[in-house]
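# Results of the structural survey
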Amino acid sequence: MGFCRIYLRMLICVPGKKLRDMLNLGDQLLGISPSPLSSSIFNIQSPQTSHNIKKSRNISSYVHLDRVVPLLVKQSWSLSLSTLGVDSNKPGYLEGIRDSESPVEEREIDGSAEIHIPETETINQPQEPLRVMDSKISGILGTLRRYFSSIPDYRHMPGIKVRISCTLRFESAPFNREWGVDSPASGLDRVDALPAIYATVLNFSSSAPYGSLPSYHIPFLLGEPPRNDYDSHQQVPLDIVLVENGNGEEESFRAPVMIELEPREPTPGLIDVSIVTNAENGHIIRARLHSIPIGIEDMFLMATVPSDIPKEVIPGYYSDLFSALWEACGSSSNTGWETFPLKGGKGVAAISGTQSVKLLEVPATSLIRATERYLAPFVVSVIGEPLVNLVKDGGIIRDIIWKDVASDSSLVDTTSVASFDRGPLHLTYFDDEDERDSVVSTSKRKMGCFLILIFLPPRFHLLFQMEVCDVSTLVRIRTDHWPCLAYIDDYLEALFLA
């Protein structure tokens, strides 16, 4: 009986005349005359578009599109750089991607075309200084060229996408009151009395640089029962709802929705949502829902891996890539004049790095727990025996490079402690002062370092070197997209200090 009800409900989505023509055509092929009874059964009222502005304004109070994973930082602002003198279709910052082809001029001489390549001006123009490239810099450039060749140039081919998982649901009682569906509120404790919406289309738009946002389609969705019945211990009969994921009856009244972004810039923003759907009484409902917030953490992706990298050497590849990007984003980098071809062969990118630092006064156990929960996919290496032992015992972070201190002396900054077994660092104000009164301990026992590599689409990176101590952690940050630093401070505080 339940499946029959679903079938009859789905028939509402098909216009009555079209369905009658299909049935009559089938009868003629079988040599059966059209039945007047079938004509009367499928004489369905044509859908009516609702023009009630008040109803459309209130729909967001009972039709909800919710994020599956809530944001750590409720971003209420977004850094917007001036686009004065810049094409409005391009980001307002210097994106560092340009075509690799040399500009050409074409002119006609005696009826024949001649291609002329402009010569580079050498007068009053500074020349690139000669550089001596050692084996270390050569290896870094080789690693970066190989890596950037796997990043698609979104100007000439599909770029890297960010996916935001959401769910759509609506409350039965207020929906019935507003749209006049013939299902009494007293009968909403039965699934076969719940209202439904059909052929729902969600359209997305944004003023943020997220590229083209495809719409999402939902064929059928039941309304949620009243909350007092929904949360009771009585089992609601789900005879007409197929639950395949086994997540319980609550998921039966929610439709999964995936929002796909193709960012041109890794920045927070808002996704505006509009809905077009069909009610059971024939109304076509058009309205706007609440916007979906996008945070900087939504832009966190794993760095791409070239297709020719074997799976077993990926941890070593990520560790080498971190070291290369860390060096390239440093203030004294020797790679500033280099450009790296992107995937597709038409565009090249340059690295212009900047750095920052953040002190987190949080116990090591809390920091490790938060790192394992939110940043585990991006950890490429753990350094220092005390920290390695703790992280390995947790079993959450795997398939990375584990290092002791001696093997990492070339990576950790000179301001870092070379040996994590040393005691606290002391500062003495006066030589003749009593040691018990003149010593200030600036840190406790140092345990080790997390090295974290985060990809920010379309082609940027965020690097963390987290020096973990017993009661505090010093986070050294480097990036090739300086605007993202405006959001990282709030993110780290929400991640580790909340």
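See the structure above.
Presented here is a report on the structure given in the accompanying data block. (Residues numbered from 1 in each chain as written. Predicted model: local features only at pLDDT ≥ 70, side-chain atom pairs only at ≥ 80, totals over all residues. Heavy atoms only, no water.)

A complete count under the given rule lists 14 salt bridges for this structure. Glu338 is paired through a salt bridge with Arg145; the nearest N and O atoms lie 3.3 Å apart. Highlighted residues: Glu338 in the loop between α8 (314–328) and β12 (340–341) and Arg145 in helix α5 (residues 135–148), separated in sequence by 193 residues. With relative accessibility at 36%, the residue Arg145 sits in the partly exposed group. A salt bridge links Glu493 to Lys358, with the nearest nitrogen and oxygen atoms 2.7 Å apart. Of the two residues, Glu493 is situated in helix α12 (residues 485–496) and Lys358 in strand β14 (residues 354–360); the sequence distance between them amounts to 135 residues. Note on Glu493: relative accessible area 32%, which makes it partly exposed. (Salt bridge = Lys/Arg side-chain N within 4 Å of Asp/Glu carboxyl O. Helix = DSSP H or I, 4+ residues; strand = E, 2+ residues; numbered from the N terminus. Buried < 20%, exposed > 50% of the residue type's maximum accessible area, 1.4 Å probe, protein only.)

Grouped together as the largest cluster of nonpolar side chains are 72 residues, with contacts concentrated most on Leu65, Leu202, Leu261, Phe450, Phe464 and Phe496. With 7 residues, α12 is the largest single contributor of residues to this core. Counting residues in hydrophobic clusters, the runner-up holds 30 residues, among them Ala324, Cys329, Phe340 and Leu463. (Core = buried A, V, L, I, M, F, W, Y, C linked by side-chain atoms within 4.5 Å.)

Here the focus is the environment of Arg459. Mapped onto the fold, Arg459 is located in the loop between β19 (446–456) and β20 (460–469). We classify Arg459 as buried; its relative accessible area is 3%. On a C-alpha basis, the gap between Arg459 and Ile160 in space is 8.8 Å, while along the polypeptide they are 299 residues apart. For Arg459, the side chain forms a polar contact with the main-chain oxygen of Ala350, separated by 3.2 Å. (Polar contact = N/O pair within 3.5 Å; in protein donor to acceptor, adjacent residues only side chain to side chain.)

It is worth spelling out the pairing of β20 at this point. Most of β20 is tucked away, with 10 of its 10 residues classed as buried. Neither face of β20 is exposed, since Phe460, Leu462, Phe464, Met466 and Val468 on one face and His461, Leu463, Gln465, Glu467 and Cys469 on the opposite face are all buried. With 10 bridges joining them, β19 and β20 adopt antiparallel strand pairing. When the sheet's bridge partners are listed, Cys449 is paired in β20 with Glu467. Linking β19 back to β20 in an antiparallel pair, the connection comprises 3 residues. Note: β20 against strand β21 (residues 473–479), 7 bridges, orientation antiparallel. Bridging from a neighbouring strand, Met466 pairs with Val475 of β21. Where β20 folds back onto β21 in an antiparallel hairpin, the turn is made up of 3 residues. (Pairing = 2+ DSSP bridges.)

A few words on the packing of aromatic side chains. Per the counting criterion, the structure on display carries 9 aromatic pairs. Each ring, one from Phe148 and one from Phe340, has its centre 5.2 Å from the other, and the planes form 15 degrees; the classification is stacked. Of this pair, Phe148 sits in helix α5 while Phe340 sits in strand β12, and the two are 192 residues apart along the sequence. Given the relative accessible area of 0%, Phe340 is considered buried. Each ring, one from Phe300 and one from Phe378, has its centre 6.3 Å from the other, and the planes form 85 degrees; the classification is edge-to-face. One end of the pair, Phe300, is in the loop between β11 (283–294) and α8; the other, Phe378, is in the loop between α9 (364–375) and β15 (379–383), and 78 residues separate them in sequence. By relative accessible area, which is 9% here, Phe300 ends up buried. Residue class for Phe378 comes out buried when judged on its relative accessible area of 8%. Grouping aromatic residues by their ring pairs yields a cluster made of Tyr62, Phe170 and Phe175. (Phe/Tyr/Trp six-rings, centres within 6.5 Å; stacked < 30°, edge-to-face > 60°.)

A word on the state of the cysteines. What the rule picks out here adds up to 0 disulfides. Looking at Cys329, it has no disulfide partner, and the nearest cysteine sulfur is the one in Cys484, 9.7 Å off. Residue class for Cys329 comes out buried when judged on its relative accessible area of 1%. The buried category is assigned to Cys484, whose relative accessible area is 1%. (Disulfide = S-S within 2.5 Å.)

Backbone-to-backbone hydrogen bonds join strands into a sheet, with any given pair of strands oriented parallel or antiparallel. An order of β14-β21-β20-β19-β15-β16 is seen for the 6 strands of this open sheet, with the pairing classed as mixed. Either end of the sheet is taken by a strand with one partner, and the two such strands are β14 and β16 (401–403). When the angles between neighbouring strand axes are averaged without regard to direction, this sheet yields 15 degrees. Pairing geometry for β14 and β21, over 7 bridges, is antiparallel. Looking at β21, one finds that Leu359 is bridged to Leu474. Docked against the sheet, α8 engages β15, β16, β19, β20 and β21, running at close to 95 degrees with respect to β20. Where helix α10 (residues 385–394) meets the sheet, its contacts fall on β15, β16, β19 and β20, and the angle it forms with β19 comes to roughly 65 degrees. (Axes fitted to C-alpha atoms, helices over the stretch in contact; angles between N-to-C directions. Contact = heavy atoms within 4.5 Å.)

Turning our attention to the environment of Cys484. In this fold, Cys484 is placed in the loop between β21 and α12. With 22 residues separating them in the primary sequence, Cys484 and Leu462 have C-alpha atoms 8.5 Å apart. Setting aside residues up to four positions removed in sequence, Cys484 forms contacts with Leu456, Leu462 and Thr479.

This part covers the side chain of Ser472. Along the chain, the position of Ser472 falls in the loop between β20 and β21. A relative accessible area of 11% places Ser472 in the buried class. When near neighbours in sequence (up to four residues on either side) are disregarded, Ser472 contacts Leu359, Leu360, Glu361, Val362 and Glu467.

The next point concerns the sheet that holds strand β6 (residues 162–170). Spatially, 3 strands are ordered β2-β6-β9 in an open sheet, and the strand pairing comes out antiparallel. Two strands close off the open sheet at either side, each with one partner strand: β2 (63–67) and β9 (255–261). Shown here is a sheet whose adjacent strand axes are inclined to one another by a mean of 30 degrees, direction ignored. In this structure, β6 lies alongside β9, joined through 7 bridges in antiparallel fashion. Note on β9: the bridge partner recorded for Leu168 is Ala255.

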